[in-house]
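# Architecture at a glance
Residue strings, one per chain:
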Amino acid sequence: MAVTAVREVSVFGDGIAYFNEAAALLELDPGMRAILTHPSRQIIFSIPFQRDSGEFEVFTGYRVQYNFARGPAKGGIRFHPGVTLDEVTALAFWMTWKCAVVDLPFGGGKGGVTCDPTTLSMNELERITRRYAAELVEVVGPDKDVPAPDVGTTPQTMAWFMDTYSMHIRQNVAGVVTGKPLEIGGSRGRVEATGRGVTICAMDQMSHLGIDPKGARVVIQGFGNVGMYAAKLFEERGCNVVGISDVTGAYYNGAGINVNGAEEYAKKNHNLGGFTGGDRITNAELLETDCDVLVPAALEKQLTTENARRVRAKLLVEGANGPTTPEADRIFQEMGVCVIPDIMANAGGVTVSYFEWVQDRAGYFWKEAEVNARLEENLLENFAEIRRIAQLHNVAFRTAAYMIAIERVVTSLKLRGVYA
Ligand code: NAD
């Protein structure tokens, strides 16, 4: 009883539940399971900073380096009021499997600061970011741990992080973070990469399900880096984006939202609040809208036992990390809703982050067409492997993805051996 209660509130618990299902099918021995269900390192620290008004405040910062078996830790930095050690650990755990499932030479990491960036000025955000980076100087670096943007952080955040790190170690190190502005070592195509990956996976699966992209009804929760670019790219491919949302609410237009208009509106007003290009509905109604493709691209635990049975999408593409609880996932399997799991669906971002890291180290930058072509090739190749394993073992894509990822991490771990 107590375990269930913990599971239902813990995001890391959701991740472990998915891991356990795949580990059981792989007959993974208890020792390996123990290693892989424990984070390598969890760091918690205080971030004292001065408001523009002169007052002092203290926020809490986190960095979790979950696993290094396949390479340096890799994962974003989140600035959000809901950031906790549990959430950051879960996100670092998922990064481990995500990097493995798309076959990148990285482990998993994630970080965050419990703060509300929408209430902070640019100067305050810069001070918080620089203090956050300074606290981590010894444990990050191109061969140690490479952060990137996540919810509430942007290329500008990465520029401050990179500058702070470079000042501390007295040399320019572009490859310490990815998702930087182009002018200081960013990669072409990185900003759109997660949304692009979402649409690449969705289009591929739609063709398998016989859903014609032309006029297919798409609903997207979250209109940030992932959701907005996904919406634009779905529209570009002829889909009808009928619903969008952000923290201010949701908007429905059966004839199709004008996505570029919504983008302009959100950029001008900092969010979609007051957008008139669709009827105002609740976020709960948005997730239950009749559609072909549903893309949760906001936060964890959006699809739960509360609403899963009312979801009417044929295909669920997880742009966000952990948007579906294991209980809701089981309901989707019963209902025959096809789910492309987060560790595959949103892996476009980390894939182009890897390309950025490679370009920074080589000091040679690729054209956007090359980035996009390599991204598509890598995602489709690894998605095909998931499909193959899913068919072979008669399991859902999520379980197949975890099976592939776990096997890859375990192989590296066994080759390296456990140093003791
Ligand atoms: P973001 O900060 O750019 O955007 C988040 C969006 O979600 C905003 O539009 C916000 O208003 C909205 N939102 C927040 N709470 C909401 C709610 N309760 N209901 C509806 N909308 C809500 O963040 P992002 O980078 O787009 O990340 C979104 C998700 O995608 C996260 O789960 C993140 O971990 C995941 N992800 C991001 C990347 C990346 O490259 N940025 C890569 C992989 C996965």
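About the cut-offs
- Residues numbered from 1 in each chain as written.
- Predicted model: local features only at pLDDT ≥ 70, side-chain atom pairs only at ≥ 80, totals over all residues.
- Heavy atoms only, no water.
- Domains from an automatic or database assignment.
- Contact = heavy atoms within 4.5 Å.
- Buried area = accessible area lost by both parts, 1.4 Å probe.
- Pairing = 2+ DSSP bridges.
- Helix = DSSP H or I, 4+ residues; strand = E, 2+ residues; numbered from the N terminus.
- Axes fitted to C-alpha atoms, helices over the stretch in contact; angles between N-to-C directions.
- Core = buried A, V, L, I, M, F, W, Y, C linked by side-chain atoms within 4.5 Å.
- Buried < 20%, exposed > 50% of the residue type's maximum accessible area, 1.4 Å probe, protein only.
- Near = heavy atom within 4 Å.
- Polar contact = N/O pair within 3.5 Å; in protein donor to acceptor, adjacent residues only side chain to side chain.
- Areas by Shrake-Rupley, 256 points an atom, 1.4 Å probe, with all protein chains shown as cover.
- Nonpolar A, V, L, I, M, F, W, Y, C, P; charged D, E, K, R; others polar.

Think of interface size as the accessible area that goes away when the parts come together; that is how it is often given. According to the domain assignment, the protein consists of domain 1 (38–184) and domain 2 (193–345). Computed over C-alpha atoms only, the centres of domain 1 and domain 2 are separated by 27 Å. Taken together, the contact between domain 1 and domain 2 spans 12 residues of the former and eight residues of the latter. Three residues, Trp 94, Lys 98 and Val 101, lead the burial of domain 1 against domain 2; their summed loss comes to 49% of the area buried on that side.

Whether parallel or antiparallel, the strands of a sheet pair through hydrogen bonds between backbone atoms. Taking strand neighbours across the sheet as the criterion, the seven strands line up as β9-β8-β7-β6-β10-β11-β12 in an open arrangement whose pairing is mixed. Two strands bound the open sheet, and with one partner strand each, they are β9 (279–281) and β12 (338–340). Here the average twist between neighbouring strands, direction ignored, is 20°. Looking at chain direction, strand β8 (residues 249–252) and β9 are connected through three bridges and run antiparallel. Bridging from a neighbouring strand, Ala 250 pairs with Ile 281 of β9. The strands touched by helix α8 (residues 225–236) within the sheet are β6 (217–221), β7 (240–246) and β10 (293–296), with β6 carrying the most contacts at an inclination of about 170°.

One open sheet holds the five strands; their spatial order is β1-β2-β4-β3-β5, and the pairing between them is mixed. With one partner strand each, in any of the chains shown, β1 (41–50) and β5 (145–149) form the two edges of the open sheet. On average, adjacent strands in this sheet sit at an angle of 20° to one another, irrespective of strand direction. Contacting β1, β2 (56–67), β3 (73–80) and β4 (108–114), helix α4 (residues 85–101) crosses the sheet at an angle of about 155° to β4.

With that out of the way, let us pick up the nonpolar core. Counting 93 residues, the largest nonpolar core has Trp 97, Phe 234 and Tyr 402 as its most contacted members. Formed by 26 residues, the second largest nonpolar core is a distinct cluster that contains Ile 47, Phe 79, Ala 133 and Met 158.

With a phi angle near 70°, His 270 is a residue other than glycine that sits in the positive phi range. For His 270, the position within the fold is in the loop between α9 (259–269) and β9. Unlike most non-glycine residues, Lys 301 shows phi in positive territory, near 55°. Along the chain, Lys 301 turns up in the loop between β10 and β11 (315–317).

Turning to the environment of Arg 78, a few remarks are in order. Mapped onto the elements, Arg 78 comes out in strand β3. Looking at Arg 78, the relative accessible area reads 3%, which means it is buried. Placed 148 residues apart in sequence, Arg 78 and Val 226 show a C-alpha to C-alpha distance of 14 Å. Those residues in contact with Arg 78, other than ones at most four positions away along the chain, are Val 83, Glu 87, Leu 91, Gly 111, Gly 112, Val 113, Asp 150, Val 151, Leu 299 and Glu 300.

Our next topic: the site of the ligand. The environment of the ligand is formed by 24 residues, the closest being Asp 150, Thr 194, Asn 225, Val 226 and Asn 321. In the model, an oxygen atom of the ligand is placed 3.3 Å from a nitrogen or oxygen of the Gly 224 main chain. Gly 319 has a polar backbone atom sitting 3.4 Å from an oxygen atom of the ligand. Surface burial for the ligand is 84%, taken as the share of its 830 Å² of free accessible area covered by protein chains. Among the secondary structure elements, those contributing two or more residues to the shell around the ligand are α7 (190–209), α8 and β7. Taken together, the residues of the shell around the ligand sort by class into eight nonpolar, 11 polar and five charged.

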